[in-house]
Amino acid sequence: MSERPAIRLAGVSKMYKVFPTRRGRLLDALGLSRLFLRPQGQPRQFWSVRDVDLTLPRGARVGIIGRNGAGKSTLLKLITGAIAPTEGEIEVNGKVQALFEAGTGFHPEFTGYENIRASLTYQGLDVAKIEAAVEDISEFTELGQFLGQPIKTYSMGMLARLAFATATAVLPDILIIDEVLGAGDAYFLSKSSERMRRLVENSGATVLLVSHAIEQILQYCEECIWVERGRIVRRGRALDVVNAYQSYI
């Protein structure tokens, strides 16, 4: 029997309703739109992702590129289960770790240490593994005494360091990163690049990376997917897809 893929999408689509007024959105949320909305107030349909078929084997390292609004982030959120598809089936086999933006999932009133421990506890680590991971994260981020301060006092660069280090302290089966590698300074990018290299080359994790930084796609990914208007228009060797995309735009 063949091994199950890390990720499989079959005919997946995601539709959002776009209302012309706030009242329309409220009535729809309350389930009253059919009773009270006039024809001119009816929503239009916006398909952020449409009819996507995608199968990724375990250990695949895939970049996702496309213009703003192409549906890249929606596709990742569907895979992580953050949103449900309007149509189609999604199969994900393995533990998923996702970084959508710096600070996502952190409590602003908690200190860096408290957020680290809460995140690692949620991932199912025992006390000994959590403490070992805390030491690793502290060393990597170089935030020092700031880890004892509420993260609402952090800059975006500091949040990026903390989010990236926490997400990569435990090796997941599937790692999903959406632009977060571009949030830090040059020094952080250098450190995170080495950490990413070790992760993707040595852990066997399946990696999905969305980035406008083409050099990151070419550095970390073997394959690339080009998304346009919610559809996959090309998939193949990273360099080939990147060249085709750059020629197109």
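Keep in mind it's a predicted model, so treat the numbers as computed, not measured. Per chain, residues are indexed from 1 in the order of the written sequence. For a predicted model such as this one, the threshold for reporting local features is a pLDDT of at least 70, and the threshold for listing and counting side-chain atom pairs is 80 or more; totals across whole chains, interfaces and linings nevertheless cover every residue. Just so you know, side-chain values use all the structure's heavy atoms and leave hydrogens and water out.

Caption draft 1: Examining the nonpolar core more closely. We define the nonpolar core as a collection of buried residues of types Ala, Val, Leu, Ile, Met, Phe, Trp, Tyr and Cys that are connected through side-chain atoms lying within 4.5 Å of one another. Throughout this description, buried means an accessible area under 20% of the type-specific maximum (1.4 Å probe, protein chains only), exposed means over 50%, and partly exposed covers the range between. With 42 residues, the main nonpolar core has Ile65, Leu120, Tyr154, Leu162 and Met196 as its most contacted residues. Only DSSP runs of H or I covering at least 4 residues are called helices, and only runs of E covering at least 2 are called strands; the numbering of each starts at the N terminus. The element contributing the most residues to this core is helix α6 (residues 156-167), with eight residues. Once residues lying within four places of it in the same chain are set aside, the contact partners of Leu162 are Phe106, Gly112, Ile116, Ile137, Thr141, Leu143, Leu147, Ile151 and Tyr154. Any two residues whose heavy atoms approach within 4.5 Å at even a single point are treated as in contact.

Caption draft 2: A look at the pattern of salt bridges. We count a salt bridge whenever a side-chain nitrogen from Lys or Arg sits within 4 Å of a carboxyl oxygen from Asp or Glu. Under the criterion given, the structure shown has nine salt bridges. It is possible to trace a salt-bridge network through shared partners that takes in Arg8, Glu89 and Glu91.

Caption draft 3: Here's a closer look at the sheet that holds strand β1 (residues 7-18). We treat two strands as partners when DSSP finds at least two bridges between them. With antiparallel pairing, the three strands of this open sheet are ordered in space as β2-β1-β4. Looking at strand neighbours, the two that pair on one side only are β2 (44-56) and β4 (87-92), the edges of this open sheet. Each neighbouring strand pair of the sheet contributes to a mean axis angle of 30°, computed without reference to strand direction. All axes here are fitted lines through C-alpha atoms, helices being fitted over the stretch that makes contact, and every angle between N-to-C directions spans 0 to 180 degrees. Against the sheet, helix α3 (residues 72-80) touches β1, β2 and β4, its axis set at about 120° to β1.

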